[in-house]
Amino acid sequence: MPKEAAKPRRKAAEKADKPARKPKKVPGAPKRALSAYMFFSQDWRERIKTENPDAGFGELGKLLGAKWKELDEAEKKPYIDQAARDKERADDEKAAFDTKQKNGSGDEEDEE
DNA sequence: CGATTGATTGTTATT
DNA sequence: AATAACAATCAATCG
């Protein structure tokens, strides 16, 4: 049995009183990459809507997530692949962000 | 060095 | 424009 890391990833439905998550923390945030779910939704949202034209937001989310878990790794693979591809892109942004901050704030194209 | 957390991504319908 | 379940993620940061 693999060791489990105590990582109770639960953040959704945690809207007690917080004014939503913070807009951003660090200036020039290179934004992360999309997750496989993002690509999965882009492709599936059509089918979900096709098979569930009455499905609203709740149904979509729950139904989508349920399907996602149903898929096999091979099924998710293409989505993960896209996510991985985007990750490379995000990596570039991060690299640029890292380099830029290392360089110093001097000449920016259009950054305020 | 390890774990945790925080920030982020995209969908839709409603307001 | 913003929010809210759904899932991933993963990079930076703290101990």
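Residues numbered from 1 in each chain as written. Chains lettered and ligands numbered in written order. Predicted model: local features only at pLDDT ≥ 70, side-chain atom pairs only at ≥ 80, totals over all residues. Heavy atoms only, no water.

**What to know about the overall build of chain A**
Here is the rule we go by: Comment: elements are numbered from the N terminus, with helices defined as DSSP H or I runs of at least four residues and strands as E runs of at least two. Note on classification: 1.4 Å probe, protein chains only; a residue is buried when its accessible area is under 20% of the maximum for its type, exposed when over 50%, partly exposed between these limits. The contact criterion used throughout is that any non-hydrogen atoms of two residues lie within 4.5 Å. Here the open area of atoms and residues is found with the Shrake-Rupley method and a 1.4 Å probe, where only the protein chains shown may cover a residue.
The helix and strand inventory of chain A stands at 3 helices and 0 strands. Burial statistics for chain A: of 112 residues in total, 16% are counted as buried. In chain A, of all internal contacts separated by at least 6 residues, the share reaching a separation of at least 24 is 71%. As displayed, chain A offers around 10,200 Å² of accessible surface, 52% of which is attributable to carbon and sulfur atoms.

**Description of the packing of aromatic side chains**
The relative placement of two aromatic rings is captured by the distance of their centres and the angle of their planes. The cut-off we apply is this: Ring pairs are drawn from Phe, Tyr and Trp, using the six-membered ring of Trp, whenever the two centres fall within 6.5 Å, and their geometry is named by plane angle: stacked under 30 degrees, edge-to-face over 60, tilted for the rest.
Tallying each qualifying case throughout the model produces 6 aromatic pairs. Measuring from ring centre to ring centre gives 5.8 Å for phenylalanine 40 and tryptophan 44, while their planes differ by 25 degrees; the resulting arrangement is stacked. In this pair, phenylalanine 40 and tryptophan 44 both sit in helix α1 (residues 36–51), 4 residues apart, roughly one turn of the helix. The same class applies to phenylalanine 40 and to tryptophan 44, which are both buried. Ring-pair connections join several aromatic residues into one group, and the members of that group are Tyr37, Phe40, Trp44, Trp68 and Tyr79.

**With respect to the UniProt feature "domain: HMG box" (unreviewed entry) in chain A**
Threshold: UniProt positions are given in the numbering used here, feature names are shortened, and annotations may be inferred rather than shown by experiment.
Within the UniProt annotation, "domain: HMG box" (unreviewed entry) is assigned to residues 30–98. Secondary structure across residues 30–98 comprises 81% helix and 0% strand; the distance between its end C-alpha atoms is 9 Å.

**With respect to α1**
Our working rule: What a helix is expected to span follows from its residue count: subtract one and scale by 1.5 Å. We define the bend at any residue as the angle between the axes fitted to the seven residues before and including it, ending there, and the seven starting there.
Between its terminal C-alpha atoms α1 stretches 22 Å, which fits the 22 Å expected from 16 residues at 1.5 Å a residue. Largest kink in α1: about 45 degrees, centred on tryptophan 44. Residues of α1 that are buried: Ala36, Phe39, Phe40, Ser41, Trp44 and Ile48.

**Things to note about the environment of serine 41**
Filter applied, for reference: Whenever a nitrogen or oxygen atom comes within 3.5 Å of another N or O atom, the pair is scored as a polar contact, on the condition that within protein one atom can donate a hydrogen and the other can accept it, and that pairs from neighbouring residues in sequence are kept only if both atoms are in side chains.
Mapped onto the elements of the fold, serine 41 is located in helix α1. Residue class for serine 41 comes out buried when judged on its relative accessible area of 18%. Linking serine 41 and leucine 64, residues 23 residues apart in sequence, is a C-alpha distance of 7.3 Å. In this structure the side chain of serine 41 is engaged in a polar contact, spanning 2.3 Å, whose partner is the backbone oxygen of tyrosine 37.

**Notes on the confidence of the model for chain A**
Using the following cut-off: Each residue gets a pLDDT score, which is the predictor's confidence in that residue and runs from 0 to 100.
Across chain A, the average pLDDT comes to 77, with 68% of residues at or above 70. Mean pLDDT values over the elements of chain A span from 85, in helix α3 (residues 73–103), up to 90, in helix α2 (residues 57–70). Low pLDDT (under 50) marks residues 108–112, which in the prediction has 3 contacts with non-local residues, meaning those over four places away or in another chain.

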